Amino acid sequence: MTVRRTPRPGLLLLGALLAAALLLAQAPGQQQPPPEEKKQEKKEDKPRKRVFTGKINLRSSRQESETASYGFKGVGPDGRMEQAALERQPGETDYIKVARLAIYQTKAEELAAFLAQGNLRAKEKKP
Amino acid sequence: MKRLLVLSSLLLLLGLLQPAAAPAQFPGIDKVVKVAEAQRAWSAKEEQAIGQATGAKLVAIFGLYEEPRAVKYVNLVGASVAQYAPRQDMKYHFGILDTEMVNAFATPGGYVLVTRGLLANLEDEAELAGVLGHEVIHTGERHIEKELRSRKMAAIGVEAGTEQIPFGELAGLADRVTNQLLAGKLSRDKENEADTRGLELAAAAGYDPRAFPEFLGFLGQASDEAGNKKAVGNLDASHPKFSDRVKRLDEQIGKRGWDKEERPRLAERYQENVVFPETPAEPAPPGQD
């Protein structure tokens, strides 16, 4: 006598769970990070208009009386950010300053005059 | 029959995974909300809120340089370039961070912040336009959001039934974005896109496009000097090699025939407007705002 096996609910649920997990893993926006970019060989670039001779010192926006390390704020000697600086949390004043940036808008007539003075191009407005 | 049962179980389970239904009916599976949220793009409102919170964090770290003439000028050059930005459904805002580090940052929501150190080392307005074009593309194309999403770090836990991001969640997102900007890097593709499309913006506004690769070439040479590491090390570590970028941009300039045109560089106007008359005070220590 042949016994017909009836599907077990537990197995079915397990299968469904696996399928759902697969679907979620393949969903858009959940892609794996791009593979590590291939390092390229250092190559000398061709000469630029700017001509440099000898040591190149970056200019500072600070006054001469200030020390060389003044004004970097949380930047280490190799240019990387120090952890303490990254952990700094903004206060009310910082939010207000950013809000002021958002409120400030260049006026259309000011921009037009600025472009004209510099012999630059204003974007043509669509009719 | 078996197939039908499997299918109905699957549909039932997928139904349960919908975020709206999850927390209320099935306590304990609220993590599902976060998984679902991670897959969608930030709304314009969320983009703005995250951009402002990130901007505030950058200001907390470096301070904001608010010399009116320089701020107005950077905004005018920014607006000249941004008028050609492909994305016009948001406003672009430009500011100056008070640090000697040579860099520029684009947060979500249209905020572009250049540093004093960068301004001090630019020769002319056309170079500034190239830098701002690069950053306008970063923010307009949501590069930081896409980068975080690719690392599964873009999820927003929004409370059911509200559109507001809880403050703690917003601060956490601003931390992630700031870390990405200051201690991480974007993919080479995104940087290349910002370079090439940003240059198109500066050129469309009428600036000499050769200025930007010239400035990058200068930074490449400057970064070889040990004494400049503090100023340019962060920029160097977070971007593709300067020489590679210059090469790509030079090719673009050649293909577009821009190397045969005489266009304005506006060095004099730049020097007149970017001034550092006095040193603003260091930002107050945390908690003393």
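Anyway, here's the lowdown on the structure attached to this text. (Residues numbered from 1 in each chain as written. Chains lettered and ligands numbered in written order. Predicted model: local features only at pLDDT ≥ 70, side-chain atom pairs only at ≥ 80, totals over all residues. Heavy atoms only, no water.)

As a further point, take the overall build of chain B. Counting its secondary structure elements, chain B contains 14 helices and three strands. Across the 289 residues in chain B, those meeting the buried criterion constitute 62%. Across chain B, contacts joining residues at least 24 apart in sequence account for 74% of those joining residues at least 6 apart. (Helix = DSSP H or I, 4+ residues; strand = E, 2+ residues; numbered from the N terminus. Buried < 20%, exposed > 50% of the residue type's maximum accessible area, 1.4 Å probe, protein only. Contact = heavy atoms within 4.5 Å.)

Okay, the environment of A:Pro77 next. Within the secondary structure, A:Pro77 sits in the loop between α1 (9-26) and α2 (83-86). Taking the relative accessible area as the measure of exposure, A:Pro77 reaches 67% and is therefore exposed. Spatially, the C-alpha atom of A:Pro77 lies 19 Å from that of A:Arg88, the residues being eleven residues apart in sequence. Non-local contacts of A:Pro77, meaning those with residues more than four positions away in its chain, are made with B:Lys229 and B:Lys230.

Our next topic: helix α5 (residues 68-82) of chain B. All names here are of chain B. With 15 residues, α5 extends 20 Å between its outermost C-alpha atoms, agreeing within 8% with the 21 Å of an ideal straight helix rising 1.5 Å per residue. Most of α5 is tucked away: twelve of the 15 residues are buried. Residues Ala70, Val71, Tyr73, Val74, Asn75, Leu76, Val77, Gly78, Ala79, Ser80, Val81 and Ala82 constitute the buried set of α5. (Expected span 1.5 Å × (residues − 1).)

Another point: the pairing of strand β1 (residues 93-97) of chain B. All names here are of chain B. Within β1, five of the five residues are buried, which leaves the element mostly enclosed by the surrounding structure. What you see with β1 is no split at all: His93, Gly95 and Leu97 on one side and Phe94 and Ile96 on the other are buried throughout. Bridge count between β1 and strand β3 (residues 111-115): five bridges; the pairing is parallel. The residue bridging Phe94 from the neighbouring strand is Val112, located in β3. (Pairing = 2+ DSSP bridges.)

We now examine helix α9 (residues 167-183) of chain B. If you check α9(B), its first and last C-alpha atoms are 23 Å apart, about what 17 residues at 1.5 Å a residue would give, namely 24 Å. What α9(B) keeps buried is the set B:Glu169, B:Leu170, B:Ala171, B:Leu173, B:Ala174, B:Val177, B:Thr178, B:Gln180, B:Leu181 and B:Leu182.

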